[in-house]
Number of protein chains: 2
Amino acid sequence: MPILSTEIFNEADAGFVYQSNSNDYSDGFEGPEKKLDIRFGPISKGSVKSIAGSPSKVGLRTIDKEKWQTVLDSARCTIISQTSNDHMDSYVLSESSLFVYPRRAMIKTCGTTTLLHLIAKMVQVGKECGLEVEMVVFSRKNLNQPSKQVFPHCSFSDEVNFLNKIFDGQAYVMGDVNKDHWNLYIADFRKNPTLQRTEQTFEVMMHDLDETVMKQFFKREGVSAWDTTVNSGIADLLPGSMIDDFQFDPCGYSMNGLLNEFYWTIHITPESHCSYVSFDTNVALADYNQLLAKVLNVFKPGRFTAALYAEDGAPCGDPYTAFDVNVPSYAIQNKTVHGFDGGYDVVVSNYQQLDKKVNFSNDDLIQSIESTNIDLIQV
Amino acid sequence: MPILSTEIFNEADAGFVYQSNSNDYSDGFEGPEKKLDIRFGPISKGSVKSIAGSPSKVGLRTIDKEKWQTVLDSARCTIISQTSNDHMDSYVLSESSLFVYPRRAMIKTCGTTTLLHLIAKMVQVGKECGLEVEMVVFSRKNLNQPSKQVFPHCSFSDEVNFLNKIFDGQAYVMGDVNKDHWNLYIADFRKNPTLQRTEQTFEVMMHDLDETVMKQFFKREGVSAWDTTVNSGIADLLPGSMIDDFQFDPCGYSMNGLLNEFYWTIHITPESHCSYVSFDTNVALADYNQLLAKVLNVFKPGRFTAALYAEDGAPCGDPYTAFDVNVPSYAIQNKTVHGFDGGYDVVVSNYQQLDKKVNFSNDDLIQSIESTNIDLIQV
């Protein structure tokens, strides 16, 4: 087990469950999702379960909707809709999405859901399919109101402590802890480290969105979810996809896209005081600049965080340079790259719309010092 | 002011001062230093103080030893020795070092010193010299026993909150928060962002050092500090330097090196249960691989963290590739890079001696799940 540093951990929180009404969204809905991406491998040769006569029903895909709902009960969310193709099963949830491949489950949930509570069930489901955990990636952006979450989601420290009781992982805070940042926990038990791996995932997490754009995602009489998907420009982001979309009442929108073996998913919180949109995909591109430009053009965020996970053999190449091009109308605030000895890199960049950028001057500093209680003793 | 995230902050700690004897080192001395690097600029044209007839006495160098001691009183450490050359004044302290350039003060203090308490005095001293703060960099490795520190040094969260009351900075946790990592706070108020800046600093923070090597840094009858500096190989690390060294009784060693306009400094905690050595320099090299190899050869750590700060015009070039070469006998654990829009990058890498590397298997994972309280409900 790793040498644990309790330095940034709030020990007082351990075991703490926030007691207030966890569905109190009076200060705005918590759009930023928690995301859990678990990859599995066979427990032994030939151990992976399959259903005779159903060639796509292999591994985790042998699990039916009802059983997944039992798993999801632990995270406090429900299945709204299901779509499948030859490669995966996709579920739109009351709070975000679940994608199931034969050896991989990617689930993201927003609001005050308790995503990490379902890990034990997920591990057990894998075991019943003849699979064992090979890799666990838990990630999320900083939350708007962490104190409204349920343990262990009130703080990344608690989440890390929770995960460390099960896995031997690495935990990173990527970006400025004062502002927009992205928390990442990775436990990697994969054997055969010399194998060239090619997976990559790309996420864009957007805040302060254009109000005119966001109006489209309030429920309107006579306008279907599909109308909104087409009219907003979402349908054109990755053409040729099978799309499962849902318009919430009175507002909010979710969609899952299936493009052959690749998923993509969008979740929208349109209220102006807490507007948030996430875009997430594992589509294999040599670079994401064009896709990023299209996403920004559709949603027009005031600021956004882009995150890229890329294994050494991924088509996007070295992710360090992945976001080096100028993003029109946006200024990069900072970029964080983590290189892992398991053969993959993660890069997170924060951007702000140019006309919304605030500069801080030395005059502000002088004012800060003068207005604070710090003792300016004459020496 | 920035949008504050309290997510990883321990609010309960705010204002908290650890009440036990802060000089209780029964569990080992806290070697890892806190470091504060403040750069100043003139308040106005011609404002910078100088002393007629003493060409090197400009700006902060007009401050004498007695006045610096008054500043250092706030951090709870004392000046042991002073050395100067044409470019800087160097002070060996009871806990680490202070280097003073006309417009820059770099101070690092170990143990349970209260480094951030001296900021207000430092700002005031600058003002008296006709200088205003241009940039503040506060950094430190994770501590062995953070709870033995005095507020705000019990946690990085508290340090960030403390600094945010004065500056508008960015805060980063670099590396795995579970293991060795490096905390960084930067507030940059420099004007003229188009100016090509060339500063770079290189630090190596070493743990679990070779016991035979460490024996040299226990006080021995008839062996001077200079004998140790020469015999240990320290004197050869950067030949041609002016060296101010000090052997503590019964153990511990500090040295300041002055190589023209560059500083270097080493601090050693040799006791086997808490052994730690830091090497820190701003010497301008095109790459640090050879210097790093020499440092490792002298001290033989079990594990170490290397940190490089480099401005865009620094001779070392892009720091992302700075540590890409193989370090013989050591395996890289992870690498974190932060790019800042102010025109500088910081890279932090963690390494472990090859024969001390511990691997974690899937069997351990299964055991962890089985031995934990997490409920494996049949679904």
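As the structure is a computational prediction, the values presented were derived from the model and not from experiment.

### Some remarks on the sheet that holds strand E8 (residues 181-188) of chain A
Residues and elements named next belong to chain A. What the eight strands build is an open sheet, ordered E2-E3-E4-E5-E1-E6-E8-E7; its pairing is antiparallel. Each edge of the open sheet is held by one strand with a lone partner, namely strand E2 (79-84) and strand E7 (170-175). Put simply, the sheet's adjacent strands are angled 15 degrees from each other on average, direction ignored. Alignment of strand E3 (residues 89-93) against strand E4 (residues 96-101), held across five bridges, turns out to be antiparallel. Looking at E4, one finds that Ser90 is bridged to Phe99.

### Quick notes on the sheet that holds strand E5 (residues 104-109) of chain B
Residues and elements named next belong to chain B. Here eight strands make up an open sheet; going across it, the order is E2-E3-E4-E5-E1-E6-E8-E7 and the pairing antiparallel. In this open sheet, the two edge strands, each paired with only one partner strand, are strand E2 (79-84) and strand E7 (170-175). Put simply, the sheet's adjacent strands are angled 15 degrees from each other on average, direction ignored. Note that strand E4 (residues 96-101) and E5 share five bridges and pair antiparallel. Considered in E5, the bridge of Leu98 is made with Ile107.

### As for the UniProt feature "active site" in chain A
All names here are of chain A. Per the UniProt record, "active site" is annotated on Glu30, Glu33, Ser96, Cys110, Ser254 and His267. These annotated residues cover 238 residues of sequence, but their C-alpha atoms sit close together, with the largest distance between any two at 14.4 Å. By the element assignment, Glu33 lies in the segment before strand E1 (34-42). Once you skip the residues sitting within four places of it in the chain, Glu33 turns out to touch Ser96, Lys108, Thr109, Cys110, Ser139, Arg140, Lys141, His267, Tyr276 and Ser278. Ser96 has contacts with Glu33, Tyr91, Lys108, Thr109, Cys110 and His267, leaving out every residue within four places of it along the chain.

### Some thoughts on helix H2 (residues 119-128) of chain A
Residues and elements named next belong to chain A. Among the ten residues of H2, eight are classified as buried, and the element is accordingly described as predominantly covered. Here H2 has its buried residues at Ile119, Ala120, Lys121, Met122, Val123, Gln124, Val125 and Gly126. Just downstream of H2, Gly130 is the residue with a positive phi angle, here 80 degrees.

### Remarks on the pairing of strand E13 (residues 276-281) of chain B
Residues and elements named next belong to chain B. With six of six residues buried, E13 lies mostly within the body of the structure. The side-chain alternation of E13 yields two buried faces, one formed by Tyr276, Ser278 and Asp280 and the other by Val277, Phe279 and Thr281. As defined by bridge partners, strand E9 (residues 200-209) adjoins E13 across six bridges and the pair is classed as antiparallel. Among the inter-strand pairings, Phe202 is bridged to a residue of E13, identified as Thr281. By the bridge criterion, six bridges tie strand E12 (residues 262-269) to E13 in an arrangement that is antiparallel. Considered in E13, the bridge of Ile266 is made with Phe279. What sits between the antiparallel neighbours E12 and E13 is a turn of six residues.

The rules behind these values
- Residues numbered from 1 in each chain as written.
- Chains lettered and ligands numbered in written order.
- Predicted model: local features only at pLDDT ≥ 70, side-chain atom pairs only at ≥ 80, totals over all residues.
- Heavy atoms only, no water.
- Pairing = 2+ DSSP bridges.
- Helix = DSSP H or I, 4+ residues; strand = E, 2+ residues; numbered from the N terminus.
- Axes fitted to C-alpha atoms, helices over the stretch in contact; angles between N-to-C directions.
- UniProt positions renumbered as here; feature names shortened; annotations may be inferred.
- Contact = heavy atoms within 4.5 Å.
- Buried < 20%, exposed > 50% of the residue type's maximum accessible area, 1.4 Å probe, protein only.

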